[in-house]
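Spelled out, the chains give:
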Amino acid sequence: INVALKSLENGLYEGTVTLPMEGKWQIFLEVSDGNNKMEEMLTIDIQKGDPSHNVASINGQEITSEDIAFYQFINQLQIEMYREKDKETYSGEQLEQAMKYWDNQLTAAEDKNTLLTQIIRLRAAALLAEEKGHTASAQEIEEEIEAVKEIYAKSPIATELIQQFGEEKFWNIQKEQYELIVLTPKVQQDVMDLVTEANPEAETQELNMLAQKKYEELLVSQVSTLDIHIN
(Lines give C-alpha, C1' and ligand atoms only; values in the text may rest on other atoms or scores of the structure.)
Protein backbone atom coordinates (compact mmCIF):
# COMPACT_ATOMS: atom_id res chain seq x y z
CA ILE A 1 0.00 0.00 0.00
CA ASN A 2 1.66 3.20 -1.16
CA VAL A 3 0.72 6.40 0.68
CA ALA A 4 1.17 9.89 -0.76
CA LEU A 5 2.26 12.39 1.90
CA LYS A 6 1.33 16.08 1.88
CA SER A 7 3.41 18.81 3.44
CA LEU A 8 2.14 20.56 6.55
CA GLU A 9 3.74 23.49 8.37
CA ASN A 10 6.93 23.21 10.47
CA GLY A 11 8.38 20.40 8.37
CA LEU A 12 5.60 17.91 9.11
CA TYR A 13 4.10 15.56 6.52
CA GLU A 14 0.79 13.73 6.67
CA GLY A 15 -0.77 10.76 4.88
CA THR A 16 -3.87 8.60 5.33
CA VAL A 17 -4.37 4.92 4.54
CA THR A 18 -7.16 2.40 5.23
CA LEU A 19 -5.74 -0.92 6.39
CA PRO A 20 -7.91 -3.96 5.54
CA MET A 21 -7.36 -5.79 8.83
CA GLU A 22 -5.94 -5.51 12.32
CA GLY A 23 -2.52 -6.80 13.36
CA LYS A 24 1.12 -5.82 12.89
CA TRP A 25 1.99 -3.66 9.86
CA GLN A 26 5.35 -2.40 8.63
CA ILE A 27 5.82 1.14 7.35
CA PHE A 28 8.73 1.73 4.99
CA LEU A 29 9.82 5.39 4.87
CA GLU A 30 12.03 6.75 2.13
CA VAL A 31 12.85 10.46 2.60
CA SER A 32 14.91 12.51 0.16
CA ASP A 33 15.77 16.19 -0.35
CA GLY A 34 17.11 15.58 -3.84
CA ASN A 35 20.69 14.95 -2.75
CA ASN A 36 20.49 12.88 0.42
CA LYS A 37 18.17 9.92 1.07
CA MET A 38 17.17 8.21 4.30
CA GLU A 39 15.30 4.93 4.67
CA GLU A 40 13.65 3.55 7.80
CA MET A 41 11.30 0.70 8.68
CA LEU A 42 8.65 1.21 11.38
CA THR A 43 6.24 -1.33 12.90
CA ILE A 44 2.74 -0.49 14.14
CA ASP A 45 0.18 -2.72 15.81
CA ILE A 46 -3.42 -1.95 14.81
CA GLN A 47 -6.05 -3.33 17.17
CA LYS A 48 -9.80 -3.40 16.69
CA GLY A 49 -11.23 -0.21 18.16
CA ASP A 50 -8.25 1.93 17.18
CA PRO A 51 -9.36 5.19 15.48
CA SER A 52 -7.44 4.13 12.37
CA HIS A 53 -9.44 0.88 12.33
CA ASN A 54 -12.83 2.59 12.17
CA VAL A 55 -13.86 3.59 8.66
CA ALA A 56 -17.24 5.17 9.44
CA SER A 57 -20.16 5.11 11.87
CA ILE A 58 -23.96 5.06 11.60
CA ASN A 59 -25.82 6.44 14.62
CA GLY A 60 -22.70 5.71 16.66
CA GLN A 61 -22.33 2.11 15.41
CA GLU A 62 -18.87 1.66 13.94
CA ILE A 63 -18.05 0.33 10.48
CA THR A 64 -14.53 -1.08 10.63
CA SER A 65 -11.93 -1.88 8.01
CA GLU A 66 -12.63 -5.52 8.92
CA ASP A 67 -16.27 -5.02 7.83
CA ILE A 68 -15.06 -3.54 4.53
CA ALA A 69 -12.67 -6.47 4.00
CA PHE A 70 -15.47 -8.99 4.61
CA TYR A 71 -17.79 -7.35 2.10
CA GLN A 72 -14.95 -7.36 -0.41
CA PHE A 73 -14.50 -11.09 0.22
CA ILE A 74 -18.24 -11.75 -0.24
CA ASN A 75 -18.21 -9.89 -3.55
CA GLN A 76 -15.15 -11.86 -4.64
CA LEU A 77 -16.84 -15.10 -3.60
CA GLN A 78 -19.95 -14.37 -5.67
CA ILE A 79 -17.95 -13.24 -8.71
CA GLU A 80 -15.81 -16.39 -8.63
CA MET A 81 -18.97 -18.50 -8.46
CA TYR A 82 -20.34 -16.75 -11.57
CA ARG A 83 -16.97 -17.23 -13.25
CA GLU A 84 -17.03 -20.93 -12.34
CA LYS A 85 -20.51 -21.32 -13.87
CA ASP A 86 -19.49 -19.49 -17.08
CA LYS A 87 -16.51 -21.82 -17.50
CA GLU A 88 -18.95 -24.72 -17.60
CA THR A 89 -21.32 -22.91 -20.00
CA TYR A 90 -19.13 -21.14 -22.57
CA SER A 91 -16.06 -21.86 -24.66
CA GLY A 92 -13.80 -20.08 -27.13
CA GLU A 93 -14.36 -16.35 -27.66
CA GLN A 94 -17.51 -16.30 -25.52
CA LEU A 95 -15.59 -17.74 -22.58
CA GLU A 96 -12.77 -15.24 -23.08
CA GLN A 97 -15.21 -12.33 -23.06
CA ALA A 98 -16.95 -13.67 -19.97
CA MET A 99 -13.63 -14.00 -18.11
CA LYS A 100 -12.67 -10.42 -19.02
CA TYR A 101 -16.02 -9.23 -17.74
CA TRP A 102 -15.58 -10.96 -14.40
CA ASP A 103 -12.00 -9.68 -14.14
CA ASN A 104 -13.39 -6.15 -14.46
CA GLN A 105 -16.10 -6.89 -11.92
CA LEU A 106 -13.49 -8.20 -9.50
CA THR A 107 -11.51 -4.97 -9.82
CA ALA A 108 -14.66 -2.88 -9.31
CA ALA A 109 -15.54 -4.95 -6.22
CA GLU A 110 -12.33 -3.74 -4.54
CA ASP A 111 -13.52 -0.11 -4.51
CA LYS A 112 -13.76 0.91 -0.84
CA ASN A 113 -16.44 3.56 -1.48
CA THR A 114 -18.67 1.00 -3.19
CA LEU A 115 -18.18 -1.45 -0.32
CA LEU A 116 -18.94 1.23 2.28
CA THR A 117 -22.11 2.17 0.36
CA GLN A 118 -23.23 -1.48 0.43
CA ILE A 119 -22.82 -1.59 4.21
CA ILE A 120 -24.60 1.74 4.76
CA ARG A 121 -27.55 0.68 2.56
CA LEU A 122 -27.96 -2.64 4.38
CA ARG A 123 -27.78 -1.11 7.85
CA ALA A 124 -30.11 1.74 6.85
CA ALA A 125 -32.68 -0.75 5.52
CA ALA A 126 -32.44 -2.81 8.73
CA LEU A 127 -32.95 0.28 10.88
CA LEU A 128 -35.95 1.24 8.76
CA ALA A 129 -37.43 -2.24 9.22
CA GLU A 130 -37.01 -2.02 12.99
CA GLU A 131 -38.68 1.41 13.01
CA LYS A 132 -41.66 -0.20 11.25
CA GLY A 133 -41.84 -2.86 13.96
CA HIS A 134 -40.23 -5.74 12.05
CA THR A 135 -37.91 -8.23 13.75
CA ALA A 136 -35.61 -11.03 12.61
CA SER A 137 -36.27 -14.23 14.54
CA ALA A 138 -33.53 -16.76 15.25
CA GLN A 139 -35.43 -19.29 13.10
CA GLU A 140 -35.59 -16.92 10.11
CA ILE A 141 -31.87 -16.20 10.35
CA GLU A 142 -31.01 -19.90 10.66
CA GLU A 143 -33.18 -20.80 7.66
CA GLU A 144 -31.49 -18.17 5.49
CA ILE A 145 -28.03 -19.30 6.63
CA GLU A 146 -28.83 -22.95 5.84
CA ALA A 147 -30.13 -21.97 2.40
CA VAL A 148 -26.96 -20.09 1.49
CA LYS A 149 -24.80 -22.90 2.91
CA GLU A 150 -26.45 -25.30 0.45
CA ILE A 151 -25.66 -22.95 -2.44
CA TYR A 152 -22.00 -22.54 -1.43
CA ALA A 153 -21.62 -26.29 -0.81
CA LYS A 154 -22.44 -26.96 -4.49
CA SER A 155 -19.60 -24.69 -5.65
CA PRO A 156 -16.01 -26.01 -5.42
CA ILE A 157 -14.54 -22.49 -5.67
CA ALA A 158 -16.85 -21.17 -2.93
CA THR A 159 -15.94 -24.07 -0.67
CA GLU A 160 -12.23 -23.48 -1.29
CA LEU A 161 -12.39 -19.72 -0.65
CA ILE A 162 -14.41 -20.14 2.55
CA GLN A 163 -11.91 -22.71 3.83
CA GLN A 164 -9.06 -20.28 3.11
CA PHE A 165 -10.94 -17.52 4.94
CA GLY A 166 -11.71 -19.81 7.89
CA GLU A 167 -15.08 -21.58 7.96
CA GLU A 168 -15.98 -20.87 11.58
CA LYS A 169 -15.01 -17.20 11.29
CA PHE A 170 -16.87 -16.85 7.97
CA TRP A 171 -20.17 -18.26 9.22
CA ASN A 172 -20.02 -16.33 12.49
CA ILE A 173 -19.72 -13.08 10.55
CA GLN A 174 -22.39 -14.21 8.09
CA LYS A 175 -24.81 -14.82 10.96
CA GLU A 176 -24.33 -11.21 12.08
CA GLN A 177 -24.95 -10.02 8.51
CA TYR A 178 -28.10 -12.10 8.10
CA GLU A 179 -29.62 -10.52 11.18
CA LEU A 180 -29.73 -7.41 8.94
CA ILE A 181 -30.34 -9.14 5.61
CA VAL A 182 -33.51 -10.88 6.84
CA LEU A 183 -35.07 -7.48 7.65
CA THR A 184 -34.62 -5.92 4.19
CA PRO A 185 -37.26 -8.00 2.30
CA LYS A 186 -39.81 -7.10 4.96
CA VAL A 187 -39.49 -3.40 4.10
CA GLN A 188 -39.60 -4.24 0.40
CA GLN A 189 -42.80 -6.23 0.93
CA ASP A 190 -44.36 -3.30 2.81
CA VAL A 191 -43.59 -1.09 -0.18
CA MET A 192 -44.98 -3.65 -2.63
CA ASP A 193 -48.22 -3.90 -0.62
CA LEU A 194 -48.65 -0.12 -0.68
CA VAL A 195 -47.91 0.11 -4.41
CA THR A 196 -50.29 -2.76 -5.20
CA GLU A 197 -53.05 -1.15 -3.16
CA ALA A 198 -52.54 2.18 -4.93
CA ASN A 199 -52.40 0.59 -8.42
CA PRO A 200 -54.91 -2.31 -8.40
CA GLU A 201 -55.04 -2.61 -12.21
CA ALA A 202 -51.28 -2.53 -12.84
CA GLU A 203 -49.49 -5.61 -14.19
CA THR A 204 -46.76 -7.42 -12.27
CA GLN A 205 -43.86 -5.88 -14.19
CA GLU A 206 -45.17 -2.35 -13.67
CA LEU A 207 -45.78 -3.02 -9.98
CA ASN A 208 -42.22 -4.29 -9.56
CA MET A 209 -40.80 -1.16 -11.22
CA LEU A 210 -42.96 1.16 -9.12
CA ALA A 211 -42.09 -0.72 -5.93
CA GLN A 212 -38.35 -0.63 -6.70
CA LYS A 213 -38.52 3.13 -7.34
CA LYS A 214 -40.49 3.71 -4.16
CA TYR A 215 -38.11 1.56 -2.12
CA GLU A 216 -35.07 3.48 -3.38
CA GLU A 217 -36.74 6.78 -2.52
CA LEU A 218 -37.58 5.46 0.94
CA LEU A 219 -34.03 4.22 1.49
CA VAL A 220 -32.49 7.53 0.39
CA SER A 221 -34.85 9.35 2.76
CA GLN A 222 -33.87 6.97 5.58
CA VAL A 223 -30.14 7.48 4.97
CA SER A 224 -30.62 11.27 5.14
CA THR A 225 -32.04 10.95 8.67
CA LEU A 226 -29.09 8.93 10.00
CA ASP A 227 -26.05 10.32 11.77
CA ILE A 228 -23.34 9.06 9.41
CA HIS A 229 -19.67 9.93 9.85
CA ILE A 230 -16.98 8.92 7.35
CA ASN A 231 -13.48 8.83 8.83
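See above for the structure.
Residues numbered from 1 in each chain as written. Predicted model: local features only at pLDDT ≥ 70, side-chain atom pairs only at ≥ 80, totals over all residues. Heavy atoms only, no water.

## Some thoughts on the sheet that holds strand S7 (residues 228-230)
Next up, step 1: Pairing is antiparallel across the open sheet formed by three strands, whose spatial order is S6-S5-S7. Looking at which strands have only one partner, the edges of the open sheet turn out to be strand S6 (61-64) and S7. Between one strand axis and the next, the sheet turns through 20° on average, direction left out of account.
Next up, step 2: Lying over the sheet, helix H3 (residues 112-131) contacts strand S5 (54-58), S6 and S7, oriented at roughly 155° with respect to S6. (Pairing = 2+ DSSP bridges. Helix = DSSP H or I, 4+ residues; strand = E, 2+ residues; numbered from the N terminus. Axes fitted to C-alpha atoms, helices over the stretch in contact; angles between N-to-C directions. Contact = heavy atoms within 4.5 Å.)

## Re the packing of helix H7 (residues 184-198) against helix H8 (residues 204-225)
Next up, step 1: In the contact formed by H7 and H8, the axes pass within 9 Å of each other and the chain directions differ by 125°. Classified by the angle between their axes, H7 and H8 sit oblique to one another. In this structure, H7 crosses over H8, and the sense of that crossing is right-handed. Here Thr184, Val187, Gln188, Val191, Met192, Val195 and Thr196 of H7 come into contact with H8, specifically with Leu207, Asn208, Leu210, Ala211, Lys214, Tyr215 and Leu218.
Next up, step 2: Class assignment of the residues belonging to the contact of H7 with H8 gives a composition of nine nonpolar, four polar and one charged. (Parallel < 35°, antiparallel > 145°, perpendicular 65-115°, else oblique. Left-handed = near helix turned anticlockwise from the far one by under 90°. Nonpolar A, V, L, I, M, F, W, Y, C, P; charged D, E, K, R; others polar.)

## Digging into the environment of Leu183
Next up, step 1: Within the element layout of this structure, Leu183 appears in the loop between helix H6 (167-181) and H7.
Next up, step 2: Spatially, the C-alpha atoms of Leu183 and Ser137 are 9.7 Å apart, while their sequence positions differ by 46 residues.
Next up, step 3: Excluding residues within four positions of it along the chain, Leu183 makes contact with Ala126, Ala129, Glu130, His134, Thr135 and Ala136.

## Let's talk about the side chain of Arg123
Next up, step 1: Positionally, Arg123 belongs in helix H3.
Next up, step 2: Of the residues examined, Arg123 reaches a relative accessible area of 11% and is grouped as buried.
Next up, step 3: A polar side-chain atom of Arg123 sits 3.1 Å from the main-chain carbonyl oxygen of Glu62.
Next up, step 4: At 3.5 Å, the side chain of Arg123 and the side chain of Asp67 are in polar contact. (Buried < 20%, exposed > 50% of the residue type's maximum accessible area, 1.4 Å probe, protein only. Polar contact = N/O pair within 3.5 Å; in protein donor to acceptor, adjacent residues only side chain to side chain.)

## Quick notes on the packing of helix H1 (residues 65-89) against helix H2 (residues 92-108)
Next up, step 1: Close contact between H1 and H2 brings their axes to 10 Å; oriented N to C, the two are set at 180°. If you check the angle between H1 and H2, you find them roughly antiparallel. Residues Gln76, Ile79, Glu80, Tyr82, Arg83, Asp86 and Lys87 of H1 pack against Leu95, Ala98, Met99, Trp102, Asp103, Gln105 and Leu106 of H2.

## A short note on unusual backbone geometry
Next up, step 1: Residues other than glycine seldom take positive phi values, yet Asn59 does so here, at roughly 50°.
Next up, step 2: Considering the arrangement of structural elements, one finds Asn59 in the loop between S5 and S6.

## Describing the pairing of strand S4 (residues 37-46)
Next up, step 1: Note: strand S3 (residues 23-32) against S4, ten bridges, orientation antiparallel. In the strand pairing of S4, Glu30 is matched with Glu39.
Next up, step 2: Counting the residues in the hairpin turn of S3 and S4 gives four residues, including Gly34, whose phi is positive at 105°.

## Examining the nonpolar core
Next up, step 1: The biggest cluster of nonpolar side chains holds 27 residues, and the ones touching the most others in it are Ile63, Ile68, Leu116 and Tyr215.
Next up, step 2: Mapped by element, the contributors of at least two residues to this core are S5, H1, H3, H7 and H8.
Next up, step 3: Here this core gets ten residues from one element, more than from any other, and that element is H3. (Core = buried A, V, L, I, M, F, W, Y, C linked by side-chain atoms within 4.5 Å.)

## Things to note about a nonpolar patch on the surface
Next up, step 1: Taken together, Ile1, Val3, Leu5, Tyr13 and Val17 make up a surface patch of nonpolar side chains, about 510 Å² in accessible area.
Next up, step 2: Along the polypeptide, Val3 turns up in the segment before strand S1 (6-7). (Patch = residues over 30% accessible without salt bridge, like charges linked within 9 Å, V, L, I, M, F, W, Y side chains within 5 Å. Areas by Shrake-Rupley, 256 points an atom, 1.4 Å probe, with all protein chains shown as cover. Salt bridge = Lys/Arg side-chain N within 4 Å of Asp/Glu carboxyl O.)

## Thoughts on the pattern of salt bridges
Next up, step 1: Applying the stated criterion to the full structure yields eleven salt bridges.
Next up, step 2: One salt bridge in this structure joins Lys37 and Glu39, with 3.7 Å as the shortest N-O distance.
Next up, step 3: Given the relative accessible area of 54%, Lys37 is considered exposed.
Next up, step 4: Between Lys213 and Glu217 there is a salt bridge, and its shortest N-O distance comes to 2.7 Å. A residue pair is termed a helical-turn pair when its members lie 3 or 4 positions apart in one helix, as Lys213 and Glu217 do in helix H8 at four residues.
Next up, step 5: Residue Lys213 is classed as exposed on the basis of its relative accessible area, which comes to 52%.
Next up, step 6: Here the salt bridges do not stand alone but share partners, grouping Glu30, Lys37 and Glu39 into one network.

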